[in-house]
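# Chains, contacts and geometry: an overview
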Amino acid sequence: MRDILLLLRPRLLSLKNSSSSQSVEQLRVRFYLFGAIGLAFWAGIFAIFFRVLVYFQGVEGFGDILAKKLLSMVFITFFALLIFSSIITSLSKLYLSKDLMLVHSLPVTPVSIFVARWLESTFDSSWMVFLYSLPVFLSYGIVYHAGVTFYLTVAAALIALCLIASALSATVVSLAGMALPAGRLRTAFVLLGFMLFLVLLLSFRLMRPEQLVDPDAFRSLIQYFRTLQTPGSPFLPTTWVYDAVVASLFENPAAVGLHLALAWSFVLSLFSIMTWVAGLTYFPGFSKSQATTERLFTLSPRSRVLSGLFSSLFTGPTRAFVLKEIRTFFRDQTQWPQVFLLGALIIIYLYNFSVLPLERAPVKTIFLQNIISFLNMGLAAFVLTAIAARFVYPAVSMEGDAFWIVRSSPISIGTFLRIKFAIYFVPLLILTETLTIVTNLLLHVTPFMMVLSSVTVFFMVPGVVGMGVGLGAAYPDFQSENPAQSVTSFGGLLFMILCAGFIAVVIVLEAGPVYEIFMAGYRGRSISFFQWVWLSASFVTVLAVCLAATIIPMRFGRRRLGL
């Protein structure tokens, strides 16, 4: 136990020093920014579940059944998220951390190292799920007027669920580490996890849940309600914690003790099994993880030709950096599963527009089509922001410890950032324009809306990409083991907030002029001179905002990165 506490001490000291090494002003800004964003999400989750539970209470005969079924789904969802997060975190902590060579040279046993790293990975993979599940249970407690026992039971059940998920994941990772080097193992787990997520997502979407609002399906919905009382499997950990929470919610102390005892006894048993497995497999698996892994994908001859054509637009050192960026993307095994996920989400995004029941809406179809098309510009821009947060913002941080090569190369920081901008601008522009044009074709919008949305998106894409590259350069993280996680830092949150504000400003500036032009065409009347002046000023302002969003962050990032 003493060895484990000693191994955990650097983590605790690093948390303390990270706050003391920053200025009071930086700490205050980060505290208010992160606090406001976290509180907003927390309040939103609470409001949604509180509203749903109050509505369920008004459904006679089914209210409590629906609330229990929702709670069961919440536990299953949380457990699935914990399992996936714990696998990735355990793999990084146990096999891929940069300080493991130093740690394994200490006079401590491999099992002590394993347990200390397991505790770290448990906290890292569980704290967010634990924190943002609290408003869900708070809403249940308020609606059902639960006492203190309910909240204590929820805390004990959630901690047990987090420990079970982390222990299962660590055991699986340590066993798999004996069969594959950790580099390949990480790729296999990431691919498997994303494939599972895609299958679940596609299966749910193909069930067409929008049919639940169809009155013709109401009779089958009643038949579905009759199956809601089917109990879960008694062998699943989620069933034990669910039964404990439900028993405390409806004041059944004996059942609470039984199900919590089942959950915590399984935690202790699983901990014993995990440490026994770790004693046999962890150090041999760690030794295998030091082997060099093969690439998951290589550039095909056709891809080499395309990359060569693209890089031929540049010369000298700039061309070398362009080729380096393209090859780095193809060599990074963690990028490809996310590309596959992105493709599936785009298909679902377009499919949602194809099944919209516009003809049943009480509003005239021509109005509804163009309203949805206009709002879709903002939605497509938010999709662009999410993609840029994953790929564009960490682009500078991806240089890692090799950033000194960039600083010593014969190109300026400004040229380096412009290369990053060009690499991501072209594919993201094609993607966003495809989303916009295809959805407009599915909606059968007017030619004016087709041109307006395409042109607006064309000018919004460089703004989002410019903010991603510029703020990523202003707040880089070259020491992170996973640069993609830099988006959760102060700079990443600032990037997402500014992008949301940028999109909102563009939509608001164009809303009035678009309405006036559309109504003038629909009613067959002309636009006055003063209206033309207002329309022109609005669109010119939109252009100026887009240019500012592109140029200012790039210059800011160049100054910060060049220091």
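Criteria and thresholds
Residues numbered from 1 in each chain as written. Predicted model: local features only at pLDDT ≥ 70, side-chain atom pairs only at ≥ 80, totals over all residues. Heavy atoms only, no water. Helix = DSSP H or I, 4+ residues; strand = E, 2+ residues; numbered from the N terminus. Buried < 20%, exposed > 50% of the residue type's maximum accessible area, 1.4 Å probe, protein only. Contact = heavy atoms within 4.5 Å. Areas by Shrake-Rupley, 256 points an atom, 1.4 Å probe, with all protein chains shown as cover. Salt bridge = Lys/Arg side-chain N within 4 Å of Asp/Glu carboxyl O. Patch = residues over 30% accessible without salt bridge, like charges linked within 9 Å, V, L, I, M, F, W, Y side chains within 5 Å. pLDDT = per-residue confidence, 0-100. Core = buried A, V, L, I, M, F, W, Y, C linked by side-chain atoms within 4.5 Å. Lys, Arg positive; Asp, Glu negative; His and termini not counted. Charge placed at Lys NZ, Arg CZ, Asp CG, Glu CD. Axes fitted to C-alpha atoms, helices over the stretch in contact; angles between N-to-C directions. Parallel < 35°, antiparallel > 145°, perpendicular 65-115°, else oblique. Left-handed = near helix turned anticlockwise from the far one by under 90°. Nonpolar A, V, L, I, M, F, W, Y, C, P; charged D, E, K, R; others polar.

This part covers the overall build of the protein. Along the protein, the regular secondary structure elements total 19 helices and zero strands. Looking at the 563 residues of the protein, the share that counts as buried comes to 45%. Of all intrachain contacts in the protein linking residues separated by at least 6 positions in sequence, the fraction that spans at least 24 positions is 82%. If you sum the accessible surface of the protein, you get close to 29800 Å²; carbon and sulfur atoms cover 71% of it.

This paragraph deals with the pattern of salt bridges. By the definition in use, this model includes three salt bridges. In this structure, the salt-bridge partner of lysine 93 is glutamate 120, at a minimum N-O distance of 3.5 Å. Of this pair, lysine 93 sits in helix α3 (residues 63–96) while glutamate 120 sits in helix α5 (residues 110–143), and the two are 27 residues apart along the sequence. Comparing lysine 93 with glutamate 120, the two get one shared label, buried. Residue glutamate 399 pairs with lysine 420 through a salt bridge whose shortest N-O separation is 2.9 Å. Of this pair, glutamate 399 sits in the loop between α14 (365–391) and α15 (403–408) while lysine 420 sits in helix α16 (residues 413–443), and the two are 21 residues apart along the sequence. Residue lysine 420 is classed as buried on the basis of its relative accessible area, which comes to 2%. The structure contains a network of salt bridges with shared partners spanning Lys93, Glu120 and Asp124.

To continue, consider unusual backbone geometry. Here histidine 145, not a glycine, exhibits a phi torsion of approximately 55°, which is positive. Position of histidine 145 relative to the elements: it lies in the loop between α5 and α6 (148–176). By relative accessible area, histidine 145 is classed as exposed at 70%.

With that out of the way, let us pick up the environment of leucine 471. Tracing the chain through its elements places leucine 471 in helix α17 (residues 447–474). Taking C-alpha positions, leucine 471 is 5.7 Å from glycine 557, a pair spaced 86 residues apart along the chain. Residues in contact with leucine 471, not counting those within four places in the same chain, are Tyr393, Leu494, Phe495, Leu498, Pro553 and Phe556.

Attention shifts here to the environment of glycine 400. Note that glycine 400 resides in the loop between α14 and α15. Overall, the relative accessible area of 14% leaves glycine 400 in the buried class. For the pair glycine 400 and glutamine 479, spaced 79 residues apart in sequence, the C-alpha separation works out to 6.3 Å.

With that out of the way, let us pick up a nonpolar patch on the surface. A grouping of Val451, Val455, Phe458, Phe459, Leu543, Leu547, Ile551 and Ile552 is seen on the molecular surface, where their side chains present a nonpolar patch of about 680 Å² in accessible area. Within the residue set of the nonpolar patch, elements represented by two or more residues are α17 and α19 (529–562). Along the chain, leucine 547 turns up in helix α19. Residue leucine 547 is classed as partly exposed on the basis of its relative accessible area of 46%.

Moving on to the confidence of the model for the protein. Per-residue confidence for the protein gives a mean pLDDT of 76, with 71% of residues at or over 70. The secondary-structure element of the protein with the lowest mean pLDDT is helix α8 (residues 218–225), recorded at 49, while α17 shows the highest, at 89. With pLDDT under 50 throughout, residues 226–231 is counted as low confidence; its partners more than four residues away or in other chains account for five contacts.

Turning to the nonpolar core, a few remarks are in order. Ranked by internal contacts, the top residues of the largest apolar core, which has 65 residues, are Leu71, Phe75, Phe137, Tyr140, Phe150 and Tyr282. With sequence-adjacent residues up to four places away left out, phenylalanine 150 is seen in contact with Phe137, Tyr140, Gly141, Val245, Ser248 and Leu249. Membership of the second largest hydrophobic core comes to 56 residues, among which are Ala395, Met460, Phe495 and Leu561.

Moving on to a positive patch on the surface. The grouping of Arg418, Arg555, Arg558 and Arg559 at the surface amounts to a positive patch. The element that contributes the greatest number of residues to the positive patch is α19, accounting for three residues. With respect to the element layout, arginine 555 can be found in helix α19.

Looking now at the packing of α3 against α5. Where α3 contacts α5, the axes come no closer than 9 Å and their chain directions differ by 155°. In terms of orientation, α3 and α5 fall into the roughly antiparallel class. Helix-helix and strand crossings are classified by hand; for α3 and α5 the assignment is right-handed. Here the contact of α3 with α5 is built from residues that sort into 13 nonpolar, eight polar and four charged.

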